[in-house]
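Spelled out, the chains give:
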Amino acid sequence: MAQDYTPVPAAKENMGQPIARYEALQKVTGAKIYADDLPVPGRPAYAWMVTSGIAKGRITSIDDSAALAVPGVQMVMTHENRPPLGDAKTFSSGGLAITELAPLAGPEVHHDGQPVALIVADTFEAAREASFKLKIAYTEDTPTATFGSPGATQKNLKEVNPSFEPIRFNDAGAALAGSAHTIDSEYYTPIQHHNAIELFSTTAYWDGPRLVLHEPSQFVWGLKNAAAEQLQTDSETVRIKSPFVGGAFGSKAAMTHRTALAAMASKQLGRPVKLVAMRDQGFTHSGHRQETRQRVRLGCDASGKLTGYDHTQWEFTARTTPYSNGGLEKTAAMYDFKAVKSDNYVVQGDRNVPTFMRSPAEVPTVYALEAAMNELAAEAGIDPVEFRKMNDTRVDPVKGVPYTSRSLNQCLDAAAERFGWSRRNPQPRSMRQGEWLIGWGCSMAMYPTQMSPSTARVTLKRNGTASIEVAAHDVGTGCYTIAAQAAGERLGIDPTRISVQMGDSRLPPGPVSGGSISTASVTSAVANACDRLNERLGLPADATADQRRAAIAAMSMPELDATGSWFPAELDQKAVDALYEGGVRIVGGSTDKRAMYAFGAEMVEVRINERTREVRVPRIVGAFAAGHIMNPRTAHSQYLGGLIWGIGSALHESTEIDHKRARYTNDNIAEYLIPVNADIGEVDIIMVPEVDDEINVLGVKGIGELANVGTPAAITDAIWHATGIRIRDLPVRIEKLL
Amino acid sequence: MRPFHYDKPATATDAVTNFRPGAQYFAGGTTMVDLMKLDVMKPARLIDISGLEKGRYDFIKWSGKSLRIGALTPMTKLADDDKVRARVPMLSDALWLAASPQIRNMARIGGNVLQRTRCPYFRDTSYEQCNKRKPGSGCAALDGGVTRHHAVLGTSDKCIATYPGDFAQALVALDAVVEILGEDGPRSLRFADLHVLPEARPDRETTLAPSDLIIAFSIEDADFPRSKYLKIRDRESYAYALASTASALRMDGNTIADVRLGLGGVATTPWRAREAEAALRGGPATEAQFARAADIAFAGASTTDENAFKVELGKRTMVRSLLETARMEG
Ligand SMILES: Cc1cc2nc3c(=O)[nH]c(=O)nc-3n(C[C@H](O)[C@H](O)[C@H](O)COP(=O)(O)OP(=O)(O)OC[C@H]3O[C@@H](n4cnc5c(N)ncnc54)[C@H](O)[C@@H]3O)c2cc1C
Ligand code: SF4
């Protein structure tokens, strides 16, 4: 049965030490370490964001007299009186704004929950009370909610993203036509919201021309530049403080409306302003994982070798800003396909703009590919683990570039052994215990190794301690600890004697904390700074610990610092320079030089009540190989969280939408379901050792978004194995199994 | 939240006699404060009854087969009571399977039975249409809204909101009586008569006057060791029922001497399946009989595309609950 606690995983081959994360004690004791906890100069005012209750229409009148009459209310800002703002570019145009729509831009309403007014008062309660008294009248149009809704418009992704290329690799149609076995299936993945426990907060205050923003952020240098651009001020005068982030999963990467709203209000009132989007407002404030439809045609020959693979994705996105994840070039790299065709469309409606959410492209596309792989294996009568192994590849078949390392087969073997996969009876409905049907399923997990330029400053002190400064971000992953471990390995200093500062735009710029790039990118820059220090100390690369200690003790100055920088092989120094302007350059997956991916294998057991059909997951095994593991303890917790997330993604998570009104209806965490403890049985994690000398300085691959990829395909296959029913739209709900 | 007055009367009599229009009681506050934050409930005056007379209404008393429970007894305490668990497990189950530990610690059983629906259009005042919240405004759920969680039994063309609670299903099955202190003094009411069907006025949910204070629940015959509450939901804990059954059996050899059925998650009020009970009484405890009773229980169901599954799920839940109850020691 499940253990009461997770033992600290031991360091295996090619792994760092499993040290506890720096802030562990602070976190479990509730210390004030988050952006919204930071002190402000003077008495803050509190803002309440008023959001639209319709998804499409126009504000016809605003009456703020009663709201302004509430004692303590300082201002009501609407499109009628808000100060001018500059344009802010969205992510796809090289900026950081989540939407092309400016805050309080005008009377037009483009989506449910659009901010339409800001009320600021001496107390939160007064602002809230005034919100009930603010009268806003609208004329309402019929909105387009989702796929199939009237007014939905479809475009080829190429029309909105010129850099997108549909894949045409050999003749997939012909390959499929000549296959011994084929499947042709459609899948659906739902809207999901990040729902980090920490809400979206911004505190703004001005000190003359200088603006300070306390805002949980996955990219403080990006936010600093983007906020300056929108507020038409010099980026040198803007400072972002975000020491720790209380969960982000992608939702705190972009700049939302609240940043400028809080900053404008603070400027006007001459005092700090605190603004928090409430839980329900969070559903429309900072994006979501958009719903997708996927059609996969897949074939193999009589021996089980894959032939053609044809995949089309439709993503539902916003009319204002056609955000898309794409991702089919990555699924095309996964197996030894002989021919590949893929197409991607966006379908637009009257919705808020989607955004990155943990493994944005991989969750829907790999689910579809892996579900199709399981279906085809069953069709061909081949064990699904064996089927994947026999179609392994050393190169990305479409791009023809080699994998720097790839350990999928080792992961499959390790997971199968731990799980007892060989005892699986391939026949559906063949296993049961009393009235519980039992099924086993498997999937591949993968995540592209992505990297970004980074800088870092390391300071060495004669007393044998050191400090690291880098504007990277700890979104709950243990980034502070890992940066210290990277320097510790290089400098021969115990990491607990190395202090780390992150999450402040005054520090040397680090990468956006997204795409699982932080560990690879930050540790590479830290290592570079350490190498420079070692050079200045006259130490050879292979110096012993004693030599290092002696050199440090003999330093002529009390301290010595060096700023290091690093960029992946595909980029150049210009990409480092761009960091100072808040620019994002990420490379990874398959480039024109190499294919870089981390892999895993997941095996799961489900039990389904024969009568009432609830699905339980008593155990799941995940085996993962991701290059050098900096810290097996923090890695374990990423994998653990990822597998649980994957279970939730298969069985629980889904934002419900009112099709008539284009509004989310379960916008609270009582009804937006994520797994609770009772839903999770045994979670068994295996870290398969892997060495990758090529990929980056320390040979690390990102792991934060690996374990939750593929899990839904393993679970739906297990459900099929238990019941004989194939569910192709997520999440699996009881009614689909009745 | 809007400003409100806060009273903390010392006695139940004070609470009732000093009651003023616009006031509302609150016990644990887990429904009340939640809905005040959402601006759905807007009491001008809150009367805190949680500490009335130093716990005088926080009690669990047996006398023979009869059970009396004070209205201010916390959910956790009743759920955890050894004798209740042994003599009438259904009552304890229905509480354990509800909400979360934190909520169960705060919430009292008097407030519990008066919890409000989770219909999203009721809970969000930015929707214009909701007959329950704004009489006569229409029903957003029936007008093209999301209805997966809505009721299939006891609905009207004005409202199909589900009564979400679990505990009430056990009370209604056990023929509980509600003891009330009103402006005219104490009185009692069958629990089955506490809630009313939505019909034309879904804003009216109970037969209580605003100043009526629930003092206790009494169950004349609470001796049902062979009873249980089965709750089927989208996740294993901390979720409302999609369908649930409170079932109790008394056997006379192989013949069903007495049977009680309360159905949760599927109806607009706490729901007693009396006709199904009648069909079972005096017959054998077989799966075929249970299935026939389940068909009877859901014969009057009225569904939407999204919640039609609740009929099948409700039946299966009832059959499973009865089968499991029949297997219990009696
Ligand atoms: C996230 C969440 C999940 C939940 N999940 C479940 C679930 O799965 N199953 C379930 O059954 N419940 C669930 N609940 C509901 C919970 O059980 C109720 O909120 C709780 O029992 C109410 O009790 P209380 O004492 O807090 O009531 P209060 O909030 O204090 O009062 C509720 C109502 O009853 C009135 N009232 C209270 N006491 C009296 C009295 N003695 N006499 C007259 N009127 C009175 C109040 O005026 C108010 O209208 C959930 C609640 C939440 C917030
Ligand atoms: S079902 Fe009832 S509560 Fe829900 S919107 Fe309709 S009237 Fe309101």
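Residues numbered from 1 in each chain as written. Chains lettered and ligands numbered in written order. Predicted model: local features only at pLDDT ≥ 70, side-chain atom pairs only at ≥ 80, totals over all residues. Heavy atoms only, no water.

### Brief notes about empty space enclosed by the protein
One pass over the full model with this rule turns up eight cavities of 30 Å³ or more. Its volume calculated, the largest cavity comes out at about 370 Å³. Taken together, 23 residues line the largest cavity, and the ones lying closest to its centre are Glu671(A), Arg118(B), Cys119(B), His149(B) and Tyr240(B). Across the lining of the largest cavity, the residue classes tally to nine nonpolar, seven polar and seven charged. (1 Å grid on protein atoms, 1.4 Å probe; cavity = no way out; pocket = protein on both sides within 12 Å on 5 of 7 lines; lining within 4 Å. Points joined across faces, edges and corners; volume = space filled by probe spheres on them. Nonpolar A, V, L, I, M, F, W, Y, C, P; charged D, E, K, R; others polar.)

### A short note on the packing of helix H6 (residues 220–231) of chain A against helix H7 (residues 257–269) of chain A
Residues and elements named next belong to chain A. Look at H6 against H7: their axes get within 10 Å of each other, and the N-to-C directions meet at 60°. Looking at the two axes, H6 sits oblique to H7. Helix-helix and strand crossings are classified by hand; for H6 and H7 the assignment is right-handed. Along the contact surface, H6 presents Leu223, Ala227, Gln230 and Leu231, while H7 presents Thr259, Ala260, Ala263 and Met264. (Axes fitted to C-alpha atoms, helices over the stretch in contact; angles between N-to-C directions. Helix = DSSP H or I, 4+ residues; strand = E, 2+ residues; numbered from the N terminus. Parallel < 35°, antiparallel > 145°, perpendicular 65-115°, else oblique. Left-handed = near helix turned anticlockwise from the far one by under 90°. Contact = heavy atoms within 4.5 Å.)

### A few points about the domain arrangement of chain A
Residues and elements named next belong to chain A. The assigned domain composition of chain A is domain 1 (1–32 + 387–450 + 585–738) and domain 2 (454–566). Taking only C-alpha atoms, the centre of domain 1 and the centre of domain 2 are 32 Å apart. Taken residue by residue, the interface counts 24 residues in domain 1 and 26 residues in domain 2. Across the interface of domain 1 and domain 2, roughly 2000 Å² is buried in total on both sides, 58% from carbon and sulfur atoms. Linking domain 1 with domain 2 are zero salt bridges. Counting the contacts that link domain 1 with domain 2 gives ten residue pairs in polar contact (both at pLDDT 80 or more). Residues belonging to the side of domain 1 that touches domain 2 are distributed by class as follows: ten nonpolar, ten polar and four charged. (Domains from an automatic or database assignment. Buried area = accessible area lost by both parts, 1.4 Å probe. Salt bridge = Lys/Arg side-chain N within 4 Å of Asp/Glu carboxyl O. Polar contact = N/O pair within 3.5 Å; in protein donor to acceptor, adjacent residues only side chain to side chain.)

### Details of the domain arrangement of chain B
As far as domains go, chain B holds domain 1 (5–47) and domain 2 (227–326). Measuring from the centre of the C-alpha atoms in domain 1 of chain B to the corresponding centre in domain 2 of chain B gives 35 Å.

### Let's talk about the packing of aromatic side chains
The way to describe two aromatic rings as a pair is by their centre distance and the angle between their planes. For the structure shown, the criterion picks out 22 aromatic pairs over all chains. Pairing Phe147(A) with Phe316(A) gives two aromatic rings, centres 5.4 Å apart and planes at 75°, and the pair type is edge-to-face. Of this pair, Phe147(A) sits in the loop between strand S6 (135–140) and strand S7 (153–156) while Phe316(A) sits in strand S15 (residues 306–318), and the two are 169 residues apart along the sequence. When the centroid spacing of 5.4 Å and the interplanar angle of 80° are considered together, the rings of Trp221(A) and Tyr580(A) count as edge-to-face. With a gap of 359 residues between them, Trp221(A) in helix H6 and Tyr580(A) in the loop between helix H16 (573–579) and strand S24 (587–590) connect regions that are remote in the sequence. Residue Trp221(A) is classed as buried on the basis of its relative accessible area, which comes to 8%. Through a chain of ring-to-ring contacts, the aromatic side chains of Phe91(A), Tyr323(A) and Phe356(A) assemble into a single cluster. In this structure, Lys267(A) packs its charged tip against the face of Trp206(A), placed 4.2 Å from the ring centre. Note that Lys61(B) overlies the ring of Phe59(B), its terminal NZ or CZ placed 4.3 Å from the centroid. (Phe/Tyr/Trp six-rings, centres within 6.5 Å; stacked < 30°, edge-to-face > 60°. Buried < 20%, exposed > 50% of the residue type's maximum accessible area, 1.4 Å probe, protein only. Lys NZ or Arg CZ within 6 Å of the ring centre and 35° of its normal.)

### A closer look at the sheet that holds strand S12 (residues 238–241) of chain A
Residues and elements named next belong to chain A. One open sheet accounts for seven strands, arranged S3-S5-S1-S13-S10-S11-S12; its pairing is mixed. Looking at which strands have only one partner, the edges of the open sheet turn out to be strand S3 (73–78) and S12. The sheet shows a mean angle of 20° between the axes of neighbouring strands, taken without regard to direction. Note: strand S1 (residues 45–51) against strand S5 (residues 115–121), six bridges, orientation antiparallel. From the neighbouring strand, Tyr46 faces S5, where its bridge partner is Ala121. Across the face of the sheet, helix H3 (residues 124–133) comes into contact with S1, S3 and S5 while running at roughly 25° to S1. Contacts between H6 and the sheet are confined to strand S11 (210–214) and S12, with S12 contributing the most and set at about 140° to the helix. (Pairing = 2+ DSSP bridges.)

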